[in-house]
Structures are given as C-alpha cells and as structure tokens.
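Geometric and topological summary
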Amino acid sequence: METVIVIGGGASGMLAALTAAETRGRRVILLERQQRVGRKLLATGNGRCNLTNTGACPERYHGENPGFAVPALAAFPPQAALDFFRGLGLMTVEEYGGRVYPLSDSAGSVVDVLRFALEAQGVQVKTACPARELRREKTGFSVVTDGETLHADKLIVACGGAAGAKLGGVSDGYGLLGALGHRRTSLYPALVQLLTAPEYPRALKGVRADCALRLFSGDALLAESAGELQFTETGVSGPAAFDLSRAAATGGRGLTLSADFFRGRGKNEILSLLRARRKRLPSLPASDMLTGMLHNRLGKMLVRYAGLPANAPLAELDDGALETLADACRDFRLPLTGTAGFDSAQVTAGGIRTSGFNPETLESWFVPGLFACGELLDIDGDCGGFNLQWAWASGRLAGRLGT
Ligand SMILES: Cc1cc2nc3c(=O)[nH]c(=O)nc-3n(C[C@H](O)[C@H](O)[C@H](O)COP(=O)(O)OP(=O)(O)OC[C@H]3O[C@@H](n4cnc5c(N)ncnc54)[C@H](O)[C@@H]3O)c2cc1C
C-alpha cells in the first residue's frame, strides 16, 4: 500500500492530507510537532479566522515569482474553498472587502471540521511528533522523528514559515527541504506592525482611524494602502499598516509613512469644512477644530502637529493656518524605524525558492515524489484572508500528488 507522509498539521498540511486520503488504498500519515493540529489557525483573524477572500487574485500575492501561485489558485479558487468547507459542515459569512469568516465567529469551528474530516477519512494523525530529518532512499523517503523512523513513498512538506513564533511558527521546513537540495530566499516578517518614532503614536495609543497610507523612501513612493490604521505604543498597526509592511521590511533605511485622514476628499473640500467651522464657532479653541470630524485625540494631535496655538479661538486663525492644518490632515508624516519581528508577524515574506518546484503540481523538479505547500514556499499574500486561501489552494494541489 502506498504511504504518503505530510509534515505539518497546519492549514496547508491538513488540506494536503485530506486530499491525498481521497484516493482509496493509500495510507496517509500527518505529523505535527505541536500538541495539536491547527494551533496557528485558532489565532487567525483575532480568533475569528478570516479563512479566505472572495477577491483573491494573483495580484494579491508576492514573492520572487508570484506567477508561481497562479495554477494552484486557479484550480482551487475561493469559491471552491468555500464549497469544500461547506462539504465539511462549516457555515460561513462574507464581510466587507470580500473577507470570509465562519458563521460561528470562531476559528475553532474551522479547526474542528478539519479534525473531524481527518478522522473520518482515516488519516493517521501523530501530534507532538516533529520530523527531525528527511532522507532519500532507493524508493521513497525516510522520515526520522524522535521515536521512530517512518517510510514514505511520497512526501508533502507543509511546515509553514517563521512568522507567529509564539503560535509555533518555526524554521524547520527550510532545514528539512534544504537537506534535500532546496534553497530559500531571504526571510522577512510581513503583515506586521510598523515601528515609528514614538512621539505621536504613543500619545494616540488605542486610536483607530480610516486613512490612506503611503510609504516613501526619500521622495520615491514605494507602496500605498488604505483602510483601518491603529496607533500603538511603538508605531502603527491594523490592515492599512500591514499591507505596507512587506515593502517596509524590504525597503531599506530612511523610510517615511504619510497618512491621509480624509481619504477621497480634496484639499479644497477640507478647507471649506474648516472655514465653515471658524465662521460658525469663532470662540472655540483651535485644539477642537477637528472635533466631530476625526477621533478627538487624533484631531487634537493634528492641530499640535500643524503647529497651531491650541488655546487660540478659531476666529484668530488666518487662512494660512487653516491651509497648514488641511495639509497636516492629508499628509501626516511619521519616520519609520523598522518593523516588528517574526514573533508578532502574521506571515513570512520569502521562503523556499519556487524555482525548485513545478507550479502545476508542487512537486520538486529534482526530487521526484517530494511536494511542498503553504507559507513555507516563497509566496505570501496581502492582509484579508489571502494567506489562508494560498494555504488551502496549495495544500489541495500538493495533496493531488501530481495526478
Ligand atoms: C496571529 C496570526 C493571525 C493570522 N490571521 C490570518 C487570517 O485571518 N487570514 C489569513 O488568511 N491568514 C492569517 N494568518 C496567516 C496564516 O495563518 C498562515 O499563512 C497559514 O496558517 C499558513 O499555513 P501553513 O499550513 O503553511 O502553515 P501553518 O499553519 O503555520 O502550519 C505549519 C504546521 O507545521 C508544523 N510543523 C513545523 N515544523 C514541523 C516539523 N518539523 N514536524 C512536524 N510539524 C511541523 C507547525 O507546528 C504547524 O502546525 C495569520 C497568522 C498569524 C500568526
């Protein structure tokens, strides 16, 4: 009987094992180094698991060769993933921006239906069982674990990346595949908090704002994003910041962030709002100029950032002062000092070089019978369910074992 071993019981490994087990007469073993499968999945989407995005398309993916992801994503697009999960008994709901969550609002539901399916399909799950070494044999492979050495005719490596270290993100997969001749790119933490000069973020800790963000290296625009921004003790977080984190991690030194808190509105529109307020409330202190338009603390901070006298009545502000404030609202600049590390990153940018694998099957070009999937490969997606979609799609393709 053919034996298939899947290494890594995360999102992609579970999909690969379930897919491999669809063929009768095959023994499928899933090895997981942690005490349970799907531990990282439980923490995704703030415990809600944003399991896919209905807008997933190749442009949302990155790596040395993002085109590598196309066949897997085309063969198992978001709708196919949702049909698959519906078949396992998971009900889902689509929210803003195409983000899909379980109807239960609990990531545990996703892990549970996958666990039930693994059991129902006879996949042998071995937890607390790290693969330590992989060896090529005359036929197939040996997988060395702490307690035993297992034989596999075919091998799927799905060990994930280095991100989310507190949830079990490890570098094992790079070493295991490295020993079989596969090389990796440089690795960077992505979908992670941006660290900035602390003065303004610290004062705004906890404030959330909708904005358009731009990342500059000197005068050159490196990347743009839009959506929710959250201020933290040491910088900025939230989807809009996450979407720039890959460019920030790889963009070198001397980067600056620019936030527009009135996105979609021109300077003249903001100026007329400010003039109208000055006319209607001439004795209001300048510090309250933006109250009612933005979060109170953010509004007061922007008045300070623009250098306006906080206690002066609005009547005393001339048109030049209003223009300076309008500019501050649309181009609030924060010098970047870096990004947070792998511990708090959601995904690894970089990974095992995709040039070593056939994109149509995810089989190694030079080790027949060896497959890889998920975050371990040099493919990462934007914030919003794109990374799990890649994990499902690539796990599904690898689990077909080239058939
Ligand atoms: C906090 C957080 C929130 C996130 N939220 C979202 C979200 O809402 N939506 C989204 O799309 N993405 C999200 N992501 C990203 C997403 O979780 C990952 O991209 C995805 O889980 C990758 O799947 P994977 O199977 O490649 O790796 P993983 O899910 O990390 O699974 C790899 C598994 O392999 C195991 N393993 C490693 N080495 C060995 C070994 N030697 N032997 C045996 N087992 C081993 C690990 O323990 C792990 O269980 C989030 C990530 C984090 C950290």
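Here goes a summary of the coordinates provided. Keep in mind that this is a model prediction, so the values were computed, not measured. (Residues numbered from 1 in each chain as written. Predicted model: local features only at pLDDT ≥ 70, side-chain atom pairs only at ≥ 80, totals over all residues. Heavy atoms only, no water.)

**Observations regarding the overall build of the protein chain**
The test is simple: For helices the rule is a DSSP run of H or I covering at least 4 residues; for strands it is a run of E covering at least 2, with both sets numbered from the N terminus onward. The buried label applies to any residue whose accessible area, calculated with a 1.4 Å probe on protein chains only, is under 20% of its type's maximum; exposed applies above 50%, and partly exposed to all values in between. The contact criterion used is simple: two residues touch if any of their non-hydrogen atoms lie within 4.5 Å.
Helix and strand content of the protein chain: 12 helices and 21 strands. Taken along the three principal axes of its C-alpha coordinates, the protein chain extends 85 × 40 × 35 Å. By the burial criterion, 53% of the 403 residues in the protein chain qualify as buried. Long-range contacts, defined as pairs at least 24 residues apart, comprise 74% of the intrachain contacts of the protein chain with a sequence gap of at least 6.

**Some thoughts on the packing of aromatic side chains**
Using the following cut-off: Aromatic rings from Phe, Tyr and Trp, with only the six-membered ring used for Trp, were paired whenever their centres fell within 6.5 Å, and each pair was classed as stacked if the ring planes differed by under 30 degrees, edge-to-face if by over 60, and tilted otherwise. Two limits define a charge over a ring: the Lys NZ or Arg CZ must be within 6 Å of the ring centre, and within 35 degrees of the ring normal.
Under the counting rule described, the total for this entry stands at eight aromatic pairs. An angle of 80 degrees between the planes, with centres 6.0 Å apart, marks the rings of phenylalanine 76 and phenylalanine 84 as edge-to-face. On the basis of relative accessibility, which here comes to 6%, the residue phenylalanine 76 falls in the buried class. Each member of the aromatic cluster is reached from another via a ring pair, and the members are Phe76, Phe84, Phe85 and Trp392. The ring of tyrosine 101 has arginine 48 lying over it, and the distance from NZ or CZ to the ring centre is 3.9 Å. Sitting above the plane of the tyrosine 174 ring, arginine 184 keeps its charged end 5.9 Å from the centroid.

**Examining the nonpolar core**
Note on soluble globular proteins: their nonpolar side chains tend to be buried together. Rule in force here: We call a set of buried Ala, Val, Leu, Ile, Met, Phe, Trp, Tyr and Cys residues a nonpolar core when their side-chain atoms join them within 4.5 Å.
Core analysis: the largest hydrophobic core is formed by 77 residues, its most contacted members being Phe85 and Trp392. What phenylalanine 85 contacts, discounting residues up to four positions off in sequence, is Leu15, Leu51, Leu90, Val110, Val113, Leu114 and Trp392. In terms of nonpolar packing, the next biggest core, distinct from the first, is built from 45 residues, Val207, Ala240, Ala248 and Leu317 among them.

**Notes on the environment of glycine 338**
Mapped onto the secondary structure, glycine 338 falls in strand β18 (residues 332-339). Remark: the alpha-carbon pair of glycine 338 and alanine 249, spanning 89 residues in sequence, is separated by 6.9 Å. Those residues in contact with glycine 338, other than ones at most four positions away along the chain, are Leu194 and Leu195.

**Remarks on the packing of helix α1 (residues 11-20) against helix α12 (residues 386-399)**
Put simply, the rule reads: To obtain an axis, a line is fitted to C-alpha atoms, over the contacting stretch when the element is a helix, and the angle between two such axes runs from 0 to 180 degrees between their N-to-C directions. To sort the angles, those under 35 degrees are grouped as roughly parallel, those over 145 as roughly antiparallel, those from 65 to 115 as roughly perpendicular, and the leftovers as oblique. In this scheme, a crossing is called left-handed if the near helix is turned counterclockwise away from the far one by less than a right angle; it is called right-handed if the turn is clockwise. Each residue is assigned to one of three groups, with Ala, Val, Leu, Ile, Met, Phe, Trp, Tyr, Cys and Pro labelled nonpolar, Asp, Glu, Lys and Arg labelled charged, and all others, Gly among them, labelled polar.
Close contact between α1 and α12 brings their axes to 7 Å; oriented N to C, the two are set at 30 degrees. Judged by the inter-axis angle, α1 sits roughly parallel to α12. As α1 runs across α12, the sense of the crossing is right-handed. Across from Ala11, Ser12, Leu15, Ala16, Thr19 and Ala20 in α1, the residues of α12 making contact are Leu388, Ala391, Trp392, Ser394, Gly395, Arg396 and Gly399. Of the residues assigned to the contact of α1 with α12, the class counts are seven nonpolar, five polar and one charged.

**Observations concerning the site of the ligand**
Basically, it comes down to this: When we say a residue is near a molecule or strand, we mean one of its heavy atoms is within 4 Å of it. N or O atoms within 3.5 Å of each other form a polar contact, as long as, within protein, one can give a hydrogen and the other can take it, and as long as residues adjacent in sequence are counted only when both atoms are side-chain atoms. A 1.4 Å probe and the Shrake-Rupley method give the accessible areas. Residues count as covered only by the protein chains that appear here.
Surveying the vicinity of the ligand reveals 35 residues, the closest of which are Ser12, Glu32, Asp172, Glu375 and Leu388. Within the backbone of alanine 11, one N or O atom sits 3.3 Å away from an oxygen atom of the ligand. Within the backbone of glycine 385, an N or O atom sits 3.4 Å from an oxygen atom of the ligand. Taking 1000 Å² as the accessible area of the ligand by itself, protein coverage stands at 94%. Breaking the shell around the ligand down by element, the ones donating at least two residues are α1, α2 (39-47), α6 (172-178) and α12. Class assignment of the residues belonging to the shell around the ligand gives a composition of 16 nonpolar, 14 polar and five charged.

**What to know about empty space enclosed by the protein**
The condition is simple: In this analysis, the protein atoms alone were mapped onto a 1 Å grid. Cavities are point sets where a 1.4 Å probe fits without being able to get out; pockets are open sets with protein on both sides within 12 Å along at least five of seven lines; lining residues have an atom within 4 Å of a point. Grid points are joined across faces, edges and corners, and a volume is the space filled by probe spheres set on the points.
Scanning the model with the defined rule gives one cavity of 30 Å³ or more in all. Taken as a whole, the largest cavity spans an internal volume of roughly 30 Å³. What lines the largest cavity is simply Leu213, Leu229, Phe231, Val236, Leu257, Ser258, Ala259, Phe332 and Leu334. Breaking the lining of the largest cavity down by element, the ones donating at least two residues are β15 (220-231), β17 (255-260) and β18.

**Some remarks on the sheet that holds strand β10 (residues 149-152)**
In plain terms, the rule: At least two DSSP bridges between two strands are needed for those strands to be called paired.
Within the open sheet, the three strands sit side by side as β8-β9-β10. Their pairing is antiparallel. Two strands close off the open sheet at either side, each with one partner strand: β8 (133-136) and β10. The mean angle between the axes of side-by-side strands here comes to 25 degrees, regardless of whether they run parallel or antiparallel. In terms of strand pairing, β8 meets strand β9 (residues 141-144) through four bridges, oriented antiparallel. In the strand pairing of β9, leucine 134 is matched with valine 143.

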